[in-house]
Amino acid sequence: MTDTTMTISRRGLLGAFAATALIATPTYSNAFGFLRGAGDIRRIRMYSGRTGESIDTIYWVDGDYIKDALKEINHFMRDWRTGTSTNIDARTVDIMAASHRLMDVSEPYMMLSGYRSPQTNAMLRGKSRGVAKNSLHMRGQAADLRLKSRSIGQMSKAASACASGGVGSYSRSNFVHMDCGPVRTWRG
């Protein structure tokens, strides 16, 4: 009889765990590419310095969006200047949630801008040439976000890794724009 004592290092154990987790990861054959690694539950956490409100909600479980959670998101991301809201495109929320997850951060996003009414967009456009005339904010397809614990570069890289929409880096204003429009990047 031979003694076959096996010594497992911490690194070896972590490697085995990582390989097992990779094999066990669910696939989403019908999902958008940016949902890689999003898991069976999708959650969004944000707060608004403008309204003092915050949201921490699970909005998708096992392949289905939760209508009441999407309604809460619509209200939270409303145009705070006019009080008007629209249906926020769930693809935008998915990009935000997937980016947040890629950054492995527990801090909620600070949302600077979600939906913008045409009136608000026109007013902002009058003050800054960086505001698009046909902004995706007016369609509920964009958000401007900030994190204290991550740089603009880190946030931009995470959003770009989703390869699912527009990513604008605004270093001077300290925020990242994420949208579900055509894939593109820019610096503002």
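The shown structure was predicted, so the numbers you read here are calculated from the model rather than taken from an experiment.

1. Comments concerning the pattern of salt bridges
Applying the stated rule across the entire model yields six salt bridges. For the salt bridge of E53 with R78, the shortest nitrogen-to-oxygen distance reads 3.0 Å. With E53 in the loop between β1 (41-47) and β2 (54-61) and R78 in the loop between α2 (67-76) and α3 (90-102), the pair connects residues that are 25 residues apart, well separated along the chain. A salt bridge links D144 to R116, with the nearest nitrogen and oxygen atoms 3.3 Å apart. With D144 in strand β5 (residues 142-146) and R116 in the loop between β4 (109-113) and α4 (118-127), this residue pair connects regions lying 28 residues apart in the sequence.

2. Some remarks on the pairing of β1
Within a regular beta strand, the side chains point alternately toward one face of the sheet and then the other, so they alternate between its two faces. Bridging between β1 and β2 involves seven bridges; their strand directions are antiparallel. The residue bridging R43 from the neighbouring strand is I58, located in β2. Between the end of β1 and the start of β2, which pair antiparallel, lie six residues, with G52 showing a positive phi angle near 80 degrees. One ladder, built from two bridges, connects β1 with β4; its direction is parallel. Opposite Y47, over in β4, you have M110 as the bridge partner.

3. Section: the side chain of S164
By secondary structure assignment, the location of S164 is in the loop between α5 (152-161) and β6 (166-170). A distance of 2.7 Å separates a polar atom in the side chain of S164 from the backbone oxygen of C162.

4. Let's talk about the sheet that holds strand β7 (residues 175-179)
Taken in spatial order, the eight strands line up as β3-β2-β1-β4-β5-β7-β6-β8 in an open sheet, and their pairing is mixed. Where the open sheet ends on each side, the last strands, each with one partner, are β3 (64-65) and β8 (184-187).

5. Focus: the layout of surface pockets
Here the largest pocket is characterised by a volume of approximately 710 Å³. When contributions to the lining of the largest pocket are tallied by element, the ones reaching two or more residues are β4, α4, β7 and β8. It is β7 that contributes the most residues to the lining of the largest pocket, three residues altogether. Each residue belonging to the lining of the largest pocket can be placed in one class, and the counts come to nine nonpolar, nine polar and nine charged.

6. Here we look at empty space enclosed by the protein
Under the counting rule described, the total for this entry stands at one cavity of 30 Å³ or more. There is about 100 Å³ of room inside the largest cavity. R78, W80, M111, L112 and S113 are, among the 16 residues lining the largest cavity, the residues nearest its centre. Ranked by the residues each element gives to the lining of the largest cavity, the list is headed by β4, at three residues. Grouping the constituent residues of the lining of the largest cavity by class yields five nonpolar, five polar and six charged.

What counts, and at which threshold
- Residues numbered from 1 in each chain as written.
- Predicted model: local features only at pLDDT ≥ 70, side-chain atom pairs only at ≥ 80, totals over all residues.
- Heavy atoms only, no water.
- Salt bridge = Lys/Arg side-chain N within 4 Å of Asp/Glu carboxyl O.
- Helix = DSSP H or I, 4+ residues; strand = E, 2+ residues; numbered from the N terminus.
- Pairing = 2+ DSSP bridges.
- Polar contact = N/O pair within 3.5 Å; in protein donor to acceptor, adjacent residues only side chain to side chain.
- 1 Å grid on protein atoms, 1.4 Å probe; cavity = no way out; pocket = protein on both sides within 12 Å on 5 of 7 lines; lining within 4 Å.
- Points joined across faces, edges and corners; volume = space filled by probe spheres on them.
- Nonpolar A, V, L, I, M, F, W, Y, C, P; charged D, E, K, R; others polar.

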